[in-house]
Amino acid sequence: MKPYIYITRKLPDTVAEAITQKYEVKMWEKEDIPVPREVLLSEAKRADALFTVLSDSIDKEVLTAGKNLKVVANLAVGFDNIDVKTASEEGIAVCNTPDVLTDTTADLTFGLLMATARRVVEAAEFVKEGKWKSWSPLLLAGHDIHHKTIGIVGMGKIGETVAKRATGFEMNILYHNRTRKPEVEQRLGAAYVSFNELVEQSDFIVCLTPLTGETKNMFTRDVFKKMKQSAIFINASRGPVIDEQALYDALSAGEIAGAGLDVFEKEPIDAGHPLLKLVNVVALPHIGSSSVETRMTMMQLCIDNIEAVLVGKAPKTLVNKDWMPLVRA
Ligand code: GLV
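Predicted model only: the values in this text are computed from it and were never measured.

Looking at the element boundaries, asparagine 177 is found in the loop between strand 7 (172-176) and helix 8 (182-188). With a relative accessible area of 14%, asparagine 177 lands in the buried category. Of note is the side chain of asparagine 177, whose polar atom sits 2.9 Å from the backbone nitrogen of methionine 155. Dropping the residues within four chain positions of it, asparagine 177 is found in contact with Gly154, Met155, Gly156 and Tyr192.

Next up, the structure:
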C-alpha cells in the first residue's frame, strides 16, 4: 500500500501530481475555506504525512488521532500552530520552511515599513478615489526612513536580512534578541540593546520574533507608551506577540505615529476591526513570504521533507531535533 499524504490546503495541482506515482495524495480542495477540524481529524487518523499550513491547529488531538502519522510538514518558518512536544513524544517529525523565505519575507517587511512611513497605501487610494485636486507642499507628507533608527526585535535570519536592507538606507540599527550576535553586529553595524532601550530609541520598531510562551503579549500598553510619539511599529511575526487593544489605544491616543501589520491576533482579521479604521495603519493579509517563486519553493521543501521521512531519511529542515521515529508494532 502506498503511504498516504494529506494536504490541508489547495495547492497548485502540479505539486501533488508530481508525487502521485509513489504516494496516495489527497488535498483539501476548497480554495477559500480552511480544512474543517473534523476533516483534519479524520484524515490525521489514517495519514502517514500531513502537509499543513499555519492556520491549522496541529495539537495533541490531531497528532494522536491515528497510528500512522510520521511527519508534519508546515508551509511556514513559524510552527507555533504545532504541538512540537507531543510530536516528539509520538515519534512524529515536524518540519518547517526556513531559509528559502528569508529574503522574500525581509523584502515584504521592509516594504511594509516604507509603505507605512510614506503613507503609500493612503496616497494610492487618494488618487484612485479622485481626491487629488492639486499638488500641495505637505500633501500626504510622511516620515523619512533614511538615516533614522530601526530597532529589530527578534534577530533571526529574517531580522538580519531586514537589517541588511536597512544598511542601504543608512539607518542606525539596534536589535534585541535572546542571544547576542557579534558577527551580525560586525557585519551590519548593528548594536545590541535591551528591549526597553530599543523601544525608547527607535523610530521604527520591527517585530520579527517567533511566537513562544516568552514572547506572547510582549508589546503591552506600557511598552507602546515608552515609544517615541513619532515611532512606527511594524509586525511581521505573529499577532499574539502584541496586545492588539494596547496598540489600538496607543495609536488612537496619538502616542505613536503609525503601524504596519502583516499579522493579527485572529486571522483573518474582521473587516470591522477598530484597527482597520485607523488611517495610520497599513494592514496586510499575512503575506510575508508570498512571492510565487518562494511559495513554490516552500511547497517543494515540504514535499522533500515528507518524502525523506517516509523513506527513513532525515528531513532537510527538521524542527524537533530530538525526533526519533517510533517503531510501532
Ligand atoms: C509565516 O508567517 C511563516 O511563519 O512562514
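With that settled, the discussion passes to the nonpolar core. Phe51, Ile150 and Ile152 are the most contacted members of the largest nonpolar core, which has 52 residues in total. Per-element accounting of this core gives the leading share, seven residues, to helix 12 (residues 292-310). No fewer than three residues from each of domain 1 (4-97 + 291-310) and domain 2 (102-283) sit in this core. Within the second largest apolar cluster, 28 residues are counted, among which are Phe224, Met227, Ala231 and Phe264.

With respect to spatial proximity, the complete set of residues near the ligand consists of Leu54, Ala76, Val77, Gly78, Leu101, Arg238 and His286. Residue valine 77 places a main-chain N or O atom 2.8 Å away from an oxygen atom belonging to the ligand. Within the contact set of the ligand, an oxygen atom lies 2.8 Å away from a backbone nitrogen or oxygen of glycine 78. Compared with its free state, where it exposes 190 Å², the ligand has 88% of that area covered by protein. Each residue belonging to the shell around the ligand can be placed in one class, and the counts come to four nonpolar, two polar and one charged.

Side chains Val71 and Ala73 project from strand 4 (residues 71-74) onto one buried face, and the interleaved Val72 and Asn74 project onto a second face that is buried too. Across four bridges, strand 3 (residues 49-52) lies against strand 4 in parallel orientation. Counted as the bridge partner of phenylalanine 51 is alanine 73 from strand 4. Handedness of the crossover joining strand 4 and strand 5 (residues 93-95) through helix 4 (residues 84-89): right-handed.

Let us now look at the packing of helix 5 (residues 102-117) against helix 7 (residues 157-168). Interaxial distance between helix 5 and helix 7 falls to 8 Å at its minimum, and their mutual angle equals 55 degrees. In this view, helix 5 runs oblique relative to helix 7, as classed from their interaxial angle. Crossing handedness for the pair helix 5 and helix 7: right-handed. Contacts from Thr102, Asp103, Thr105, Ala106, Asp107, Thr109 and Phe110 of helix 5 reach helix 7 at Lys157, Ile158, Thr161, Val162, Arg165 and Ala166. When its residues are assigned to classes, the contact of helix 5 with helix 7 shows five nonpolar, four polar and four charged.

This brings us to the side chain of glutamate 185. In this structure, glutamate 185 sits in helix 8. Of the polar contacts made by the side chain of glutamate 185, one reaches the side chain of tyrosine 175; its length is 2.5 Å. Within the local environment of glutamate 185, its side chain forms a polar contact with the side chain of arginine 180, the two groups lying 2.9 Å apart. With near-sequence residues (within four places) excluded, glutamate 185 lies in contact with Tyr175, Arg180, Ala190 and Tyr192.

Spatial ordering of the open sheet is given by 2-1-3-4-5, a layout of five strands whose pairing is parallel. Unpaired on one side and paired on the other, strand 2 (24-27) and strand 5 mark the two borders of the sheet. Each adjacent strand pair in this sheet contributes to an overall mean axis angle of 15 degrees, direction not counted. In this sheet, strand 5 lies alongside strand 4 in parallel orientation, the contact comprising three bridges. By the bridge assignment for strand 5, valine 71 is matched with alanine 93. Docked against the sheet, helix 2 (residues 37-46) engages strand 1 (4-7), strand 2 and strand 3, running at close to 160 degrees with respect to strand 1.

What counts, and where the lines are drawn
- Residues numbered from 1 in each chain as written.
- Predicted model: local features only at pLDDT ≥ 70, side-chain atom pairs only at ≥ 80, totals over all residues.
- Heavy atoms only, no water.
- Helix = DSSP H or I, 4+ residues; strand = E, 2+ residues; numbered from the N terminus.
- Buried < 20%, exposed > 50% of the residue type's maximum accessible area, 1.4 Å probe, protein only.
- Polar contact = N/O pair within 3.5 Å; in protein donor to acceptor, adjacent residues only side chain to side chain.
- Contact = heavy atoms within 4.5 Å.
- Core = buried A, V, L, I, M, F, W, Y, C linked by side-chain atoms within 4.5 Å.
- Domains from an automatic or database assignment.
- Near = heavy atom within 4 Å.
- Areas by Shrake-Rupley, 256 points an atom, 1.4 Å probe, with all protein chains shown as cover.
- Nonpolar A, V, L, I, M, F, W, Y, C, P; charged D, E, K, R; others polar.
- Pairing = 2+ DSSP bridges.
- Right-handed = clockwise from strand over helix to strand, strands pointing away.
- Axes fitted to C-alpha atoms, helices over the stretch in contact; angles between N-to-C directions.
- Parallel < 35°, antiparallel > 145°, perpendicular 65-115°, else oblique.
- Left-handed = near helix turned anticlockwise from the far one by under 90°.

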